[in-house]
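Here is what each chain is made of, one letter per residue.
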Amino acid sequence: MAVVGGAAALPLILKLLLSLLLCFNSSPILTQAAGKWEPWEDRYPFIREASSFSSSNNANIKTYDYIIVGGGTAGCPLAATLSQKFSVLLLERGGVPFANANVSFMQNFHIALADTSPSSASQYFVSTDGVFNSRARVLGGGTCINAGFYTRAGPSYIKKAGWDSKLVNESYPWIEKQIVHKPNLAPWQRAVRDSLLEIGISPFNGFTYDHIYGTKVGGTIFDRFGRRHTAAELLASANPKKLDVLVHATVQKIDFDTSGKKPRAVGVIFKDENGNQHKAFLSKRKGSEIIVSSGAIGSPHILMLSGIGPKAELEKLNIPVVLDNKFVGQGMSDNPLNTIFVPTNRHVEQSLIQTVGITKAGVYIEASSGFGQSGDSIRCNHGVASAEIGQLSTISPKQRTFEAIEAYKRSKKNIPHELFRGGFILEKIATPLSRGNISLVTTNADDNPSITFNYFSHPRDLKRCVDGIRIVEKIAKSKHFTNYTQCDKETLDKLLNMSVQANVNLIPKHTNNTESLEQFCKDTVITIWHYHGGCHVGKVIAPDYRVLGVHRLRVIDGSTFEESPGTNPQATVMMMGRYMGLKILRERLGRAAGL
């Protein structure tokens, strides 16, 4: 297939997907506290650039009771909680979210994901499966670049994780009171809600954070003005006298004392925004720990860079082996997502995920809409991750010439704006059985490791995807969508074929093959950023999240999960940070502290 030059030759779905990339440029520098707006520096005086760090304090070595590697979804609530009683250093490789318009406003959701510059809040990567993906690189982690949906894990998940349900039910509200909102349900979301009920995904459970079979409306971290509230705002609950937060602090490795029977974590080595190297020291007081909260990709990655992982993997890059553990980076999983775009005959209000159908078939149904409202969005260049690059899977990289890209961008200006109207219906697998892994490529902490998810390698996952697509078909043909578009079988087949042809991933396509929904699932799989695993309990960590075989080191984040919690994980990952912070305080101080 030659590089496409004319607008007429472009698959319609490709044109439609371009609308997901909006151009919006604003620079918010204020945060809201107690109903008043104030500069974020006033509310978070403990946040500094990494270059300001000094390990000495009045000619003495400055030490910390806790050093947390990763200021993300789990790291922020964990740091805020531990700082109530102990000195905490939180190290985040990205910058602050407060002055970043791509983070702060819902209408810029896709721009943040498409921005591949070094200062972006998201770090672009492509898994070996050929699926485009992003890692958070900002204080607040994934809560800064996700679709905002907030919903808890179910009771069975809490029980399986071995968590104290009473403390869990104290920790969720701590998050919710600070950053979670009830959404104003958009028309597209109402249509999906009503269609889910029409086809039997019942009962309707109303607005709830709880994970219950049927159809419901969940919470959101976007307020009624479309402004995002992230895990970074949970740091407002910290003790400012006991917390230091360094941004643009990229941890190179954890430092160990290996003179004893077991390696003992003693500090971390990190570089600042200027490339200068620093070392932060852990206090020698009993109970002091380094806690890795760098996410499902970052945590196993930093363990391996620090010498904890498969011996052969470490030795091939000349990393000194601190502890040989073949399970580090193994058992990775991602919840596969497949979507159908439904074009409409009218303006559709922008919405991210608000409604969800929780089926007993192990499939979740969600929706988004309205990312084609700006004429400028059709003409924006958003870098490597955008469609301007012409990353059709049937085009080899050598054919993606500068001339071809420029020709495409010119032709795109002539695409009728009306073609960009519509919304997506999403289906994802609840608990995928397919497993992958992370392996090192370089010893540079800035570089992505090699990441494999092995989507649909387990036949049960493929069967559930087919079940999910059939549910989406029913929704698209339900009476509640007739206000938007007539969607008979012929129209639906066209939508499926357009989806197969779109440049949603780099997987070879099998066009005009919608009779095989199994093949459709494989061809159109994308991510919903719910990857997890790599530091599993019983293999890499103990039930208390301490790393097996070493002293004074824990991992607390989604890398410890066997399954992604609820329909969307951010609520439970934030809860986990708060929960484990309280657990650690109670263990160290005793229940008499009244925490």
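What you see is a predicted model; the values in this text were computed from it and never measured.

Colleague: Describe helix 8 (residues 187-198), listing the residues and the values that go with them.
Modeller: With twelve residues, helix 8 extends 16 Å from end C-alpha to end C-alpha; this agrees with the ideal 16 Å at 1.5 Å per step. Looking only at helix 8, the buried set comprises Trp188, Gln189, Ala191, Val192, Arg193, Ser195 and Leu196. Backbone geometry just downstream of helix 8 places Gly200 in the positive-phi region, at approximately 105°.

Colleague: Explain the environment of Val247 residue by residue, including any values.
Modeller: Mapped onto the secondary structure, Val247 falls in strand 15 (residues 243-247). The buried category is assigned to Val247, whose relative accessible area is 3%. With 199 residues separating them along the chain, Val247 and Arg48 place their C-alpha atoms 6.3 Å apart. With residues up to four places along the chain from it excluded, the contact list for Val247 reads Ile47, Arg48, Glu49, Ala50, Glu92, Gly94, Gly95, Val96 and Leu139.

Colleague: Could you give an account of the sheet that holds strand 3 (residues 47-49), with specific residues and numbers?
Modeller: Ordered in space as 3-15-8-7-19-30, the six strands form an open sheet in which the pairing is parallel. With partners counted over all chains shown, the strands left at the sheet margins are strand 3 and strand 30 (553-555), one partner each. For this sheet, the mean inter-axis angle between neighbouring strands, taken without regard to orientation, is 20°. Of the pairings in the sheet, the one linking strand 8 (residues 88-92) to strand 15 comprises five bridges and is parallel in character. Residue pairing across strands places Leu91 opposite Leu246, the latter belonging to strand 15. Contacts between helix 15 (residues 570-589) and the sheet are confined to strand 7 (66-69), strand 19 (289-292) and strand 30, with strand 30 contributing the most and set at about 150° to the helix.

Colleague: Could you give an account of the packing of aromatic side chains, with specific residues and numbers?
Modeller: Going through the model one piece at a time under the given rule, you end up with 16 aromatic pairs. Seen from their ring centres, Phe453 and Tyr455 are 5.6 Å apart, and the 50° between their planes marks the pair as tilted. Across the pair, Tyr455 and Phe453 agree in class, each one buried. Sitting above the plane of the Phe204 ring, Arg193 keeps its charged end 5.8 Å from the centroid. Note that Arg588 overlies the ring of Phe86, its terminal NZ or CZ placed 4.2 Å from the centroid.

Colleague: Let's hear about the packing of helix 3 (residues 75-82) against helix 15: which residues, and what values?
Modeller: Packing of helix 3 against helix 15 leaves a shortest axis separation of 7 Å and a crossing angle of 25°. For the element pair helix 3 / helix 15, the angle class is roughly parallel. Here the hand of the crossing between helix 3 and helix 15 comes out right-handed. Packed against helix 3, whose contacting residues are Pro77, Leu78, Thr81 and Leu82, the element helix 15 presents Met574, Gly577, Arg578, Met580, Gly581, Leu582, Ile584 and Leu585 at the interface. Split into classes, the residues belonging to the contact of helix 3 with helix 15 amount to eight nonpolar, three polar and one charged.

Colleague: Provide a residue-level description of the pairing of strand 25 (residues 363-369), including the pertinent values.
Modeller: Most of strand 25 is tucked away: seven of the seven residues are buried. Covered by surrounding structure in strand 25 are Val363, Ile365, Ala367 and Ser369 together with Tyr364, Glu366 and Ser368, the residues of both alternating faces. Where strand 25 and strand 26 (residues 422-429) come together, seven bridges link them in antiparallel fashion. Opposite Ala367, over in strand 26, you have Ile425 as the bridge partner.

Colleague: Could you give an account of the nonpolar core, naming the residues involved and the relevant values?
Modeller: If you look at the biggest cluster of nonpolar residues, it comprises 133 residues, and the most contacted ones within it are Ile47, Trp163, Leu235, Val268, Phe270 and Leu553. The greatest single-element share of this core, amounting to ten residues, is contributed by helix 15. Taken domain by domain, the makeup of this core includes at least three residues from each of domain 1 (62-178 + 228-333 + 530-590) and domain 2 (184-217 + 336-429 + 456-524). Not counting the four nearest positions on each side in its chain, Ile47 is found in contact with Trp40, Val96, Phe98, Leu139, Val245 and Val247. Phe109, Val138, Ile145 and Leu337 belong to the second largest nonpolar core, which has 24 residues in total.

Definitions and cut-offs
Residues numbered from 1 in each chain as written. Predicted model: local features only at pLDDT ≥ 70, side-chain atom pairs only at ≥ 80, totals over all residues. Heavy atoms only, no water. Helix = DSSP H or I, 4+ residues; strand = E, 2+ residues; numbered from the N terminus. Expected span 1.5 Å × (residues − 1). Buried < 20%, exposed > 50% of the residue type's maximum accessible area, 1.4 Å probe, protein only. Contact = heavy atoms within 4.5 Å. Pairing = 2+ DSSP bridges. Axes fitted to C-alpha atoms, helices over the stretch in contact; angles between N-to-C directions. Phe/Tyr/Trp six-rings, centres within 6.5 Å; stacked < 30°, edge-to-face > 60°. Lys NZ or Arg CZ within 6 Å of the ring centre and 35° of its normal. Parallel < 35°, antiparallel > 145°, perpendicular 65-115°, else oblique. Left-handed = near helix turned anticlockwise from the far one by under 90°. Nonpolar A, V, L, I, M, F, W, Y, C, P; charged D, E, K, R; others polar. Core = buried A, V, L, I, M, F, W, Y, C linked by side-chain atoms within 4.5 Å. Domains from an automatic or database assignment.

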